[in-house]
Structure formats: C-alpha cells, structure tokens
Amino acid sequence: KQEVTQIPAALSVPEGENLVLNCSFTDSAIYNLQWFRQDPGKGLTSLLLIQSSQREQTSGRLNASLDKSSGRSTLYIAASQPGDSATYLCAEENSGYALNFGKGTSLLVTP
Amino acid sequence: DTGVSQDPRHKITKRGQNVTFRCDPISEHNRLYWYRQTLGQGPEFLTYFQNEAQLEKSRLLSDRFSAERPKGSFSTLEIQRTEQGDSAMYLCASSLLLDRANEQYFGPGTRLTVT
C-alpha cells in the first residue's frame, strides 16, 4: 500500500515567517497530489491539486511543488498569519479514485 | 451554499444501535466518496460511487456498513450494530472527473460517538 509521510508532525512559527511543509510518498506512479487544510473538528478544505504532469501550483500565498521522481511534495506558505493555524494534510491518488492521506502537520502561527 | 453538506453533524449512539448518515454532494459532481478519520490520523477511504454505481469498497468497510446513492444524487452510509471502534469522523467528498484531474471537495463531516 502507498505510504504517505508528512514531516514535521507539528510546527510553531511566529507570524510573518515563510515556512515549508513536507510530504513524501513511496510510489511515484501517482495521478494527482492534493493539499488540504483541516481546522479542529471540521472537514477538509482543498488548497491545491497538482496533476502528475505538473511541477507546481500556486494560490495566493501558497505554492505547492511535486517531484515524482523523488516521491516528494512541498507546500510553501509565505508570510504566515495566525489564521493559517490548522492541520495541513497531503494526499496522493494513484488508483484513479481513492486518496491516500498522510497524518498531517499541525501548524501554529503565533502573533 | 453550493458545497458538500452532511447530516447530522454529530451523532451519539449506544453500542448495538443502527445509524445512518446522509451526504449531499456538489450538484454537478458525478463522483461521491466516503472516508473515515480517527483522532490524529488522516482520512481513510471507505467507498465511492460514480453516478449511482458503487465502484469500489475498502476492506475497512465491513459487512455492517452499507452505502447507497440512489439516482446518483445524495448518498447514505448506514452502520448496523455499532461498535465502539466505529467512533470516528465520517467524511463525504465529491468530485467531477475531468481528464485526469480529480479534485475532491469534502463536507464538514459527521462525528459518531458510540457509547
């Protein structure tokens, strides 16, 4: 089964810092990689989707990259804000339907 | 609001009782998925529908679980004879498969507590 690992498990940064969240997967034959945000006790909000033919996607202060050959994706958050505090989950799709998720990185941005 | 909706948001039940959850996907989406998430873990795939057809079921979906999507619109997930190990957040997602892009949009989830 595809394993998805997210490092670090938790991260605390002061407001304004740029930060990088890491995601690695064991099988490079993926269709898509998707990044989500989850607030405590809530559902998931889709942030970015990168198709296997793409190298990166950008939305506002967020930039996600994909390197299939090394089995890695990164989510870059620029100029972090307290409102960015949440758990960030990456998920790969290699079956054509099911997402395989990592356990997430819990981010705390302090004022 | 045109997002994915789920009902109820919270359900507390006693062991052995049956429960049913409902999911209403984004209206034009042809795919609907169910996932389960326990504390500190990422969601795990349970099953999915393309239109009204249930195309795949995970080994996590025991015989006590059944899902339907009549007429390819809303979906229900029923758990019979609930066990304490069924306590989790049940998440529904939908997508519109375009080429190979399959961005999934999630609902707020139903949190099930089995006492």
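Residues numbered from 1 in each chain as written. Chains lettered and ligands numbered in written order. Predicted model: local features only at pLDDT ≥ 70, side-chain atom pairs only at ≥ 80, totals over all residues. Heavy atoms only, no water.

Draft legend 1. Looking closely at the pattern of salt bridges. Following the criterion strictly, the structure yields 5 salt bridges over all chains and no others. Taking the shortest distance from any N to any O, the salt bridge between A:Arg37 and A:Asp39 comes out at 3.0 Å. Assessed through its relative accessible area of 17%, A:Arg37 is described here as buried. For B:Asp24, the salt bridge identified is with B:Arg22, shortest N-O distance 2.7 Å. We classify B:Asp24 as partly exposed; its relative accessible area is 25%. Because the salt bridges share partners, they merge into one network encompassing B:Arg64, B:Glu83 and B:Asp86. (Salt bridge = Lys/Arg side-chain N within 4 Å of Asp/Glu carboxyl O. Buried < 20%, exposed > 50% of the residue type's maximum accessible area, 1.4 Å probe, protein only.)

Draft legend 2. Layout of unusual backbone geometry. Look at the link from A:Ile7 to A:Pro8: it is a cis peptide, with omega at 0°. Relative to the elements of secondary structure, A:Pro8 occurs in the loop between β1 (4-7) and β2 (10-14). Along the chain, B:Asp7 connects to B:Pro8 via a cis peptide bond; the corresponding omega equals -5°. As for its position among the elements, B:Pro8 is in the loop between β1 (5-7) and β2 (10-13). Of note in this structure, A:Ala79 is not a glycine but carries a positive phi near 45°. Within the secondary structure layout, A:Ala79 lies in the loop between β8 (72-77) and β9 (86-93). In the Ramachandran plot, B:Asn51 falls in the positive-phi region, its phi being about 55° despite a non-glycine side chain. (Helix = DSSP H or I, 4+ residues; strand = E, 2+ residues; numbered from the N terminus.)

Draft legend 3. Molecular detail of the interface of chain A and chain B. Facing the 21 residues of chain A at the interface are 22 residues of chain B. Of the roughly 1800 Å² buried between chain A and chain B, counting both surfaces, carbon and sulfur atoms make up 51%. By the criterion of area lost to chain B, the three top residues of chain A are A:Leu44, A:Tyr97 and A:Lys103, representing 29% of everything that side buries. Summed over the shared surface of chain A and chain B, the result is 0 salt bridges. Taken together, the links from chain A to chain B amount to 7 residue pairs in polar contact (both at pLDDT 80 or more). Elements represented by at least two residues in the side of chain A that touches chain B include exactly β4 (32-38), β5 (44-51) and β9 of chain A. Within the side of chain A that touches chain B, the residues separate by chemical class into 9 nonpolar, 9 polar and 3 charged. (Contact = heavy atoms within 4.5 Å. Buried area = accessible area lost by both parts, 1.4 Å probe. Polar contact = N/O pair within 3.5 Å; in protein donor to acceptor, adjacent residues only side chain to side chain. Nonpolar A, V, L, I, M, F, W, Y, C, P; charged D, E, K, R; others polar.)

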